[in-house]
Every structure is written in structure tokens, then in C-alpha cells.
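Per-entry structural report
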Amino acid sequence: MRIPFIAGNWKMNKSIDEARQLVSELLPLLKDIKTAEIAVCPPFVSLTSVKSLLLGSAVKLGTQNIHDQEKGAFTGEVAPGMLAGWVDYAILGHSERRQIFGESDAFINRKVLAALKHGMTPILCIGETLEENEAGQTETVLERQVRAGVADISATDAPRLVVAYEPIWAIGTGRAATADDAQTRCAFVRACLRAQLGDAADTIRVQYGGSVSAANAAEILSKPDIDGALVGGASLKAADFAAICRAAGA
Ligand code: 13P
């Protein structure tokens, strides 16, 4: 039984005060939801203040990125050990990091291993571009991103992993994949995970991300291989995010 997992990726939004405000609005709306796991992933600067607001609630905390090295001359970066014990999840390999900041599959894999080593659960993001989709290359891209992303994960750590399938053409466009297409892709992702990690694939949660909204969440989340959602824009509004979480927890 995989517990549905909804995570809000706030991206580069919300000041420290606004982050506190959003969490204060969210917590009362989420407190009756028992059957889904929920996490918020604010920017680095708000992690500590959001963490203090989450104490005593079931809502988990995630970071949007980490570096793979333990320490050193990496100006502007945050080491995994700095967040160990503070955050539960680490979003890694988001398409914005891959595309805008040039992160490679190999670098992302090192981050995944570093997150696991420091007790964080990686949310490994994968997904194809519109061009790749239209050229019929989606499965090739997903297979490569899974294979590279999970390389060298131990059998003990494998069941903890979360993978987010986020077609890039669906991110921030208001044009989500249909529930049936999202199911097909997430089932394929699980098959790739099985090829790499064996039976752990039954335990690993595969999220869908890309224009998930209060209106489409219930249908998407009803699919057997979709174990949750990674939510961008709609996670910035308390009522919308709570409605998505409720759709998962129903
Ligand atoms: P949107 O929900 O805004 O499309 O963003 C999805 C996403 O990139 C989450 O990581």
C-alpha cells in the first residue's frame, strides 16, 4: 500500500513573512486530512521559520535543491549536511534546474545519493520536453533519466525514493496531461524503476506534476500508478493546495 504524497513546490516565490503567512493559513485546512502525506517546499531562506510553524503538525518539510558535496568553495550553494535533521524531502533534478542551470543526470544522481546519506527522501524529478514528446521520444527520455537518477542507490534506500513525473510542457501552462496519459507514463516510470531496483518499485511513490489543480486532482490521483502530486502554482494558494490534498486523502 503506497500512501498518497502531495508536495507543494513553491519555487522562487514567497518572502519569509509571506511563507509564514501561507503556512499559517494552510495548517488549519490540512489538519483533518489523515490518509495522505503532505509536504511544503519553500525556498531555502524560509525553511527554518516554516519548520517552526510545522512542529506539532503532520505536514512535512522539503527543500527544493541541495548540492552534492559536503562543504567547501561552492558560493551560494547549500550542503546536504546543513539540512540533515531539518527537512524530510529534497526535490532534486527539477526540470527548471536541468534546463536553466544545466544540471546533468550524473550531478542529479550524486545529489540523490547525498540526500539519502543525510536522511532526506529525494523527490527525483523527470520529464520530457514538448519537442521530445512530439518526436515520440518520451519513453527513451524517461528511461534514461530514471536509470541515471537512481544509479548506485542501495537496496535498503530504494523503497524510500519518490519519483515525480513532470512533463515539461505541462508545467505552469495550465495544460496538464490527461489522467489516462499521466497514468500510462507513471506506469512506465514504475517499470523502469523495477528494471533498476527490482521489487522496491512497488513501494516507491510516483507522483505526477504539471498544472495540477483543485479541478483536475481527483481524477489524476484516482489512477493506480499515480501516488501523489508535485504541485507548483496551486501550492501557493492555501485553499487550492488544501483541496488537492483533500482529493488525495479522500
Ligand atoms: P505547476 O503546478 O505550476 O505546473 O508546476 C509544476 C511543477 O513544476 C512542480 O514541481
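Structure report, in brief. (Residues numbered from 1 in each chain as written. Predicted model: local features only at pLDDT ≥ 70, side-chain atom pairs only at ≥ 80, totals over all residues. Heavy atoms only, no water.)

A look at helix α1 (residues 16-30)
In a regular helix each residue adds 1.5 Å, so 15 residues correspond to 21 Å; α1 covers 21 Å between its end C-alpha atoms and thus fits that length. Taken as a whole, α1 has its buried residues at A19, L22, V23, L26, L27 and L30. Around the axis of α1, the buried residues are gathered within 135° of arc, so they sit on the same side. Tucked inside the fold, the buried residues of α1 contact β2 (37-41), α2 (47-54) and α10 (238-249). (Helix = DSSP H or I, 4+ residues; strand = E, 2+ residues; numbered from the N terminus. Expected span 1.5 Å × (residues − 1). Buried < 20%, exposed > 50% of the residue type's maximum accessible area, 1.4 Å probe, protein only. Arc of directions from axis to C-beta. Contact = heavy atoms within 4.5 Å.)

Considering the pairing of β2
Extensive coverage of β2 is indicated by the burial of five of its five residues. Note that the unit made of strand β1 (residues 5-9), α1 and β2 has a crossover that is right-handed. In the sheet, β2 pairs with strand β3 (residues 60-63) via two bridges, with the strands oriented parallel. In the strand pairing of β3, A39 is matched with K60. (Right-handed = clockwise from strand over helix to strand, strands pointing away. Pairing = 2+ DSSP bridges.)

Some details on the state of the cysteines
Scanning all chains against the criterion turns up zero disulfides. Between C125, a free cysteine, and C41, which holds the nearest cysteine sulfur, the sulfur-to-sulfur gap is 9.3 Å. The thiol of C186 is not disulfide-bonded; the next cysteine sulfur, from C192, is found 11 Å away. Given a relative accessible area of 0%, C186 falls into the buried group. (Disulfide = S-S within 2.5 Å.)

Points about the packing of aromatic side chains
Tallying each qualifying case throughout the model produces two aromatic pairs. Across from the ring centre of F101, 4.2 Å away, lies the NZ or CZ of R97, which sits over that ring. (Phe/Tyr/Trp six-rings, centres within 6.5 Å; stacked < 30°, edge-to-face > 60°. Lys NZ or Arg CZ within 6 Å of the ring centre and 35° of its normal.)

Topic: empty space enclosed by the protein
In total, this model carries one cavity of 30 Å³ or more according to the counting rule given. Put simply, the largest cavity is a space of about 30 Å³. G93, H94, S95, R98, C125, I126, G127 and E166 are the residues that line the largest cavity. At the level of elements, α4 (95-100) and β5 (121-126) are the ones that each hand at least two residues to the lining of the largest cavity. A class-by-class count of the residues in the lining of the largest cavity yields two nonpolar, four polar and two charged. (1 Å grid on protein atoms, 1.4 Å probe; cavity = no way out; pocket = protein on both sides within 12 Å on 5 of 7 lines; lining within 4 Å. Points joined across faces, edges and corners; volume = space filled by probe spheres on them. Nonpolar A, V, L, I, M, F, W, Y, C, P; charged D, E, K, R; others polar.)

Some remarks on the sheet that holds strand β6 (residues 162-165)
Read around the closed barrel, eight strands run β1-β2-β3-β4-β5-β6-β7-β8, paired in parallel fashion. In this sheet, adjacent strand axes meet at a mean angle of 25° when their direction is disregarded. As paired elements, β6 and strand β7 (residues 205-209) share four bridges and run parallel to each other. Residue pairing across strands places V162 opposite R205, the latter belonging to β7. Contacting β5, β6 and β7, helix α8 (residues 179-197) runs over the sheet at an angle of about 145° to β7. (Axes fitted to C-alpha atoms, helices over the stretch in contact; angles between N-to-C directions.)

Observations regarding the environment of A148
Inspection of the secondary structure assignment puts A148 in helix α7 (residues 138-149). Assessed through its relative accessible area of 24%, A148 is described here as partly exposed. Sequence-wise, A148 and M1 are 147 residues apart; in three dimensions their C-alpha atoms are separated by 26 Å. Beyond its immediate chain neighbours, meaning those up to four positions away, A148 contacts D105 and N109.

Description of α2
Of the positions making up α2, those classed as buried are L47, S49, V50 and L54. Packing partners of the buried residues in α2 comprise α1, β2, β3 and α3 (80-83). Just downstream of α2 lies G56, where phi reads positive at about 90°.

Observations concerning the site of the ligand
Taken together, 13 residues form the shell around the ligand, and within it K11, H94, G172, S211 and G233 come nearest. Within the side chain of K11, an N or O atom sits 2.8 Å from an oxygen atom of the ligand. At a separation of 2.8 Å, an oxygen atom of the ligand approaches a polar backbone atom of G233. Across the shell around the ligand, the residue classes tally to four nonpolar, seven polar and two charged. (Near = heavy atom within 4 Å. Polar contact = N/O pair within 3.5 Å; in protein donor to acceptor, adjacent residues only side chain to side chain.)

Details of the layout of surface pockets
A volume near 510 Å³ is recorded for the largest pocket. Together, 19 residues line the largest pocket, and K11, M12, Q64, R97 and F101 are the ones closest to its centre. Considered class by class, the residues forming the lining of the largest pocket number nine nonpolar, six polar and four charged. In terms of lining residues, the second largest pocket is bounded by 13 residues, among which L30, K31, I33, A58 and V59 are the most central. Those elements giving two or more residues to the lining of the second largest pocket turn out to be α1 and β2. Split into classes, the residues belonging to the lining of the second largest pocket amount to eight nonpolar, one polar and four charged.

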